[in-house]
Amino acid sequence: MVREARKNDLREILELYLHLHETGVPDQSEQLTAVWEEILRDDRYHLLVNEVEGRIVASCTCVVVPNLTRDLRPYALVENVVTRSECRGRGYATECLASARKVAEQSGCYKIMLMTGSKEEKTLQFYKNAGYSSGDKTAFVQWLAR
């Protein structure tokens with residue numbers, strides 16, 4: 001079942017991100033609490049989780065961005081698509097992406113954008129099967145120093 005993240009989901013979501021690219025779970029801190037509370041309060045920030053038998057097995061983030069073009073229609077950004085390693089191939093992330101699409105549609109978005117750092121054909125095919133195209137836009141990333 002895909003749903004919006006709830007306050008008590010934080011620790012489980014952080015552990016899920018270990019299956020993405022993180023190398024550790026952040027320590028409990030005022031900063032972590034502040035960021036988490038900001039995410040939960042933001043009506044445009046949708047942290048979607050797929051829960052199976054009481055356990056979060058997949059997730060993605062969908063952020064709706066206001067826009068001054070395209071008849072003032074917003075667009076959506078999808079990030080942090082992840083499934084627990086042992087649960088991959090069962091459609092859980094696909095269900096998360098379908099929910100992100102519903103969020104975007106209900107918000108009146110004219111497009112959804114998603115970037116991946118993966119070069120693996122299986123991952124790229126997964127996004128294509130979910131309805132994303134890699135031929136329409138060219139993505140550039142500029143990493144900023146801490």
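Everything here concerns the structure above.
Just so you know, these numbers come straight off a predicted model, no measurement behind them.

**As for the sheet that holds strand 4 (residues 75–83)**
- In space, the five strands of this open sheet follow the order 1-2-3-4-5, with mixed pairing throughout. The sheet is open, and its two borders are formed by strand 1 (2–4) and strand 5 (112–114), each paired with just one other strand. Between one strand and the next, the sheet's axes are offset by a mean angle of 30°, whatever the strand orientation.
- Relative to strand 3 (residues 55–65), strand 2 (residues 45–52) runs antiparallel, the two sharing eight bridges. Considered in strand 3, the bridge of Leu 47 is made with Thr 61.

**Thoughts on the environment of Trp 36**
- Relative to the helices and strands, Trp 36 resides in helix 2 (residues 30–41).
- Considered as a pair, Trp 36 and Gly 89 are 53 residues apart in the sequence and their alpha carbons are 29 Å apart.
- If we skip the residues at most four places from it in the chain, Trp 36 touches Ala 5, Arg 6, Lys 7, Asp 9, Leu 10, Ile 13 and Leu 47.

**Some remarks on helix 2**
- Between its terminal C-alpha atoms helix 2 stretches 16 Å, which fits the 16 Å expected from 12 residues at 1.5 Å a residue.
- All buried positions along helix 2 are accounted for by Leu 32, Trp 36 and Ile 39. The arc that holds every buried residue of helix 2, seen down its axis, measures 60°, which confines them to one face. What points out from helix 2, more than 90 degrees from its buried face, is the exposed set Glu 30, Gln 31, Glu 38 and Arg 41.
- Considering only its buried residues, helix 2 is in contact with helix 1 (10–16) and strand 2.

**Side note on a nonpolar patch on the surface**
- There is a patch of nonpolar side chains on the surface, built from Met 115, Val 141 and Trp 143 and spanning about 400 Å² of accessible area.
- Mapping Trp 143 onto the fold places it in the segment after helix 4 (121–129).

**A few points about the side chain of Arg 84**
- Turning to its location among the elements, Arg 84 is positioned in the loop between strand 4 and helix 3 (92–106).
- At 3.5 Å, the side chain of Arg 84 and the side chain of His 19 are in polar contact.
- Within the structure, the side chain of Arg 84 is placed 3.0 Å from the backbone oxygen of Ile 56, a separation counted as a polar contact.
- The residues contacting Arg 84, other than those within four sequence positions of it, are Glu 12, Leu 16, His 19, Arg 55, Ile 56 and Val 57.

**Topic: the environment of Gly 89**
- With respect to the secondary-structure elements, Gly 89 resides in the loop between strand 4 and helix 3.
- Classification of Gly 89 as exposed rests on a relative accessible area of 85%.

**Side note on the pattern of salt bridges**
- For the coordinates displayed, the defined rule picks out four salt bridges.
- Glu 105 is the salt-bridge partner of Arg 101, the closest N and O atoms lying 3.0 Å from each other. Placement of the pair is Arg 101 and Glu 105 together in helix 3, with a separation of four residues, close to one helical turn.
- Residues participating in the shared-partner salt-bridge network are Arg 3, Asp 9 and Glu 51.

Each value, and the rule that gives it
Residues numbered from 1 in each chain as written. Predicted model: local features only at pLDDT ≥ 70, side-chain atom pairs only at ≥ 80, totals over all residues. Heavy atoms only, no water. Pairing = 2+ DSSP bridges. Helix = DSSP H or I, 4+ residues; strand = E, 2+ residues; numbered from the N terminus. Axes fitted to C-alpha atoms, helices over the stretch in contact; angles between N-to-C directions. Contact = heavy atoms within 4.5 Å. Expected span 1.5 Å × (residues − 1). Buried < 20%, exposed > 50% of the residue type's maximum accessible area, 1.4 Å probe, protein only. Arc of directions from axis to C-beta. Patch = residues over 30% accessible without salt bridge, like charges linked within 9 Å, V, L, I, M, F, W, Y side chains within 5 Å. Areas by Shrake-Rupley, 256 points an atom, 1.4 Å probe, with all protein chains shown as cover. Salt bridge = Lys/Arg side-chain N within 4 Å of Asp/Glu carboxyl O. Polar contact = N/O pair within 3.5 Å; in protein donor to acceptor, adjacent residues only side chain to side chain.

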